[in-house]
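Geometric and topological summary
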Amino acid sequence: MILTAALLISSIGCKVDPKPPTEADGRQVWKNLNTRSGLDGDLQLADFKKTDGQMAEVNGVKVYTLFYELHEKHLTKLGQWKPGDIETIRSNYGFQRTENGWQGPEGTHFPD
């Protein structure tokens, strides 16, 4: 009983890191950026996979880098790409922690 109370008291002051952005959050960021750039009729997201992530703190702000691999299907001719071509992209999205949850690079907030 005393040990349980001691553990409870010692954990009250501990700050828990927020859950990191999810694969679904990364997928939504891609869709938002694709729409804003006017490519929503030219590209279709065939697959999106979170490959890694890294939490850090910069100038007192929690940040999270979501690393991903995605496959885009080209629906129209775009540069060297023909309709039906699949392009593989490996990159990352940076998120920052705000009062409203994680904010993606395009400004969308993802509440906990």
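The notes below deal with the structure included here. Keep in mind the model is a prediction, meaning the values are calculated, not measured.

**Some details on the pairing of strand β1 (residues 43-58)**
Bridging between β1 and strand β2 (residues 61-74) involves 14 bridges; their strand directions are antiparallel. Counted as the bridge partner of Asp-47 is His-71 from β2. Where β1 folds back onto β2 in an antiparallel hairpin, the turn is made up of two residues, including Asn-59, whose phi is positive at roughly 50 degrees.

**A look at the nonpolar core**
Grouped together as the largest cluster of nonpolar side chains are 13 residues, with contacts concentrated most on Trp-30, Phe-48, Leu-66, Tyr-68, Leu-70, Tyr-93 and Phe-95. The dominant element in this core, judged by the number of residues it contributes, is β2, at four residues. Once you skip the residues sitting within four places of it in the chain, Phe-95 turns out to touch Pro-21, Asp-25, Val-29, Lys-62, Val-63, Tyr-64, Leu-66, Trp-102, Gln-103, Gly-104 and Phe-110.

**Quick notes on the packing of aromatic side chains**
On inspection of all chains with the given rule, the structure shows four aromatic pairs. Look at Phe-48 and Tyr-68: their rings are 5.1 Å apart centre to centre, the planes differ by 25 degrees, and that puts the pair in the stacked class. Note that Phe-48 is positioned in strand β1 and Tyr-68 in strand β2, a separation of 20 residues in sequence. For the residue pair Phe-48 and Tyr-68, the accessibility class agrees, reading buried in each case. Plain terms: the ring middles of Tyr-64 and Trp-102 are 6.2 Å apart, the flat faces sit at 55 degrees to each other, and that makes the pair tilted. Taken together, the residues span a long stretch of sequence, with Tyr-64 in strand β2 and Trp-102 in strand β4 (residues 101-103) at a distance of 38 residues. For Tyr-64, a relative accessible area of 6% puts it in the buried group.

About the criteria used
Residues numbered from 1 in each chain as written. Predicted model: local features only at pLDDT ≥ 70, side-chain atom pairs only at ≥ 80, totals over all residues. Heavy atoms only, no water. Pairing = 2+ DSSP bridges. Helix = DSSP H or I, 4+ residues; strand = E, 2+ residues; numbered from the N terminus. Core = buried A, V, L, I, M, F, W, Y, C linked by side-chain atoms within 4.5 Å. Buried < 20%, exposed > 50% of the residue type's maximum accessible area, 1.4 Å probe, protein only. Contact = heavy atoms within 4.5 Å. Phe/Tyr/Trp six-rings, centres within 6.5 Å; stacked < 30°, edge-to-face > 60°.

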